[in-house]
Amino acid sequence: IGFIGAGNMARSLASGLLKNGWGKNQIILSDSEPSQRQAIESVLGVKIFADNQAVAVQADILVLAVKPQVLGEVAVTLAPAVQKKKPLVVSIAAGVRLEDLDRWLGGGLAIVRAMPNTAALIGSGASGLYANERTNESMRNHAESILRAVGTTAGLQDETLMDVVTAVSGSGPAYILLVIEALEKAAIHHGLDHATARLLAIETAYGAAKMALEGNEEPATL
C-alpha cells in the first residue's frame, strides 16, 4: 500500500494498518516535507520518499491523501506510472469526483472514493466509500479494510451521496464538539469549575452516543 501525502490522515491510516497486522515493509509513503518524512520514519518505522513517483511505481494499492486543491496537479504527474502499474486507487480527497480523478490519472482505473473523518486519528472514525464500476468485489474489500483499520465503514451505491456523508460523518464531529463546548461553557457560567464542567460534558456526550449505539431505541425515543 502506497500513500501519496503523509499528513495526519495518511499517518493514522498507516498506523491503523500496522496495528492490524500489516508489515512495515508493506507500507510506503511519500511527502515533500522533510519534517513529515522524519516524523513518519521515527514514529512508524516505514519507508517514506520525497518523490511521489517512487511510491506510484511500487504500490498495488495507491492511497491519494493530498489536499483536494492540489490533487489534480499531483494526479496528472502520477498518470504515467499509474497507467503502467494499474493499482487500485483510493482517494480520501473531499469533493473530488471519481470521473475527474480518473481523467487526471489517464483513465480506465479502478478507483474508490472515501470520506473519513477526524476521529480516524484515534481509531474511531466513520467513513463512507463509493467504488466505480471497474472496482471488483476483492478491490472493494481491500479499500474497506484500509478504512476499517481506523474505524467503521459504510458502502454507498451512488456517488452523489458522498456529499451527504461529508456533511454527516465528515463534518459531524465538529457539531458534536460544539454541543460539548456549549455544555461546558454553560456549566462554568453557572458555577462549576472548569475541570468538572469539561469532564461532565464529555462523559455525557460519550454516554449518550454509547446508548444510541448499543440500545434498540431510536435516538428520538432515548
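Check the entry above for the structure.
Residues numbered from 1 in each chain as written. Predicted model: local features only at pLDDT ≥ 70, side-chain atom pairs only at ≥ 80, totals over all residues. Heavy atoms only, no water.

K.L.:
I keep staring at the nonpolar core and nothing clicks. Help me out?
P.N.:
For soluble globular proteins, nonpolar side chains are generally found buried alongside one another. One finds F3, L13, L29 and I146 to be the most contacted residues of the largest nonpolar core, which totals 31 residues. Mapped onto this core, the elements with two or more residues apiece are α1 (8–19), β4 (61–64), β5 (88–91), β6 (111–115), β7 (125–131) and α6 (137–148). Per-element tally for this core: the top contributor is α1, with five residues. For L13, the contacting residues outside a window of four places in its chain are F3, I92, I146, L147 and V150. Among the nonpolar cores identified, the runner-up in size contains 27 residues, and L64, V74, M115 and L156 belong to it. (Core = buried A, V, L, I, M, F, W, Y, C linked by side-chain atoms within 4.5 Å. Buried < 20%, exposed > 50% of the residue type's maximum accessible area, 1.4 Å probe, protein only. Helix = DSSP H or I, 4+ residues; strand = E, 2+ residues; numbered from the N terminus. Contact = heavy atoms within 4.5 Å.)

K.L.:
How should I be thinking about the packing of helix α7 (residues 162–170) against helix α8 (residues 172–189) in this particular structure?
P.N.:
When two helices pack together, their arrangement is given by the angle between their axes and by how far apart the axes lie. Closest axis-to-axis distance for the α7/α8 pair is 5 Å, and the angle between their directions is 30°. By the criterion of interaxial angle, the relationship of α7 to α8 is roughly parallel. Mapping the contact onto sequence places A167, V168, S169 and G170 in α7 and G172, P173 and Y175 in α8. Residues that form the contact of α7 with α8 fall into these classes: four nonpolar, three polar and no charged. (Axes fitted to C-alpha atoms, helices over the stretch in contact; angles between N-to-C directions. Parallel < 35°, antiparallel > 145°, perpendicular 65-115°, else oblique. Nonpolar A, V, L, I, M, F, W, Y, C, P; charged D, E, K, R; others polar.)

K.L.:
How should helix α4 (residues 68–85) be read in this particular structure?
P.N.:
The periodicity of an α-helix, 3.6 residues per turn, causes residues three or four positions apart to be oriented the same way. Along α4, the largest kink reaches about 55° and is centred on A79; proline P80 follows within four residues of it. Of the positions making up α4, those classed as buried are L71, G72, V74, A75, L78, A79, A81 and V82. Those residues of α4 hidden inside the fold are in contact with β1 (2–4), α3 (52–56), β4, β5 and α5 (98–104). Of the residues trailing α4, K86 is marked for its positive phi of about 55°. (Bend = angle between axes of the 7 residues up to and from the residue.)

K.L.:
Is there a simple way to think about the pattern of salt bridges in this case?
P.N.:
As a working rule, side chains carrying opposite charge can pair if their charged atoms are close by. This structure, assessed with the given rule, holds ten salt bridges. Its salt-bridge partner being R97, residue E99 comes within 4.0 Å of it at the nearest N-O pair. Overall, the relative accessible area of 43% leaves R97 in the partly exposed class. Ionic pairing is found between E184 and R198, a salt bridge with its closest N-O pair at 3.1 Å. Taken as a pair, E184 in helix α8 and R198 in helix α9 (residues 194–214) lie far apart in primary sequence, 14 residues in all. Three or more residues joined by partner-sharing salt bridges are found here, namely R97, E99, D100 and R103. (Salt bridge = Lys/Arg side-chain N within 4 Å of Asp/Glu carboxyl O.)

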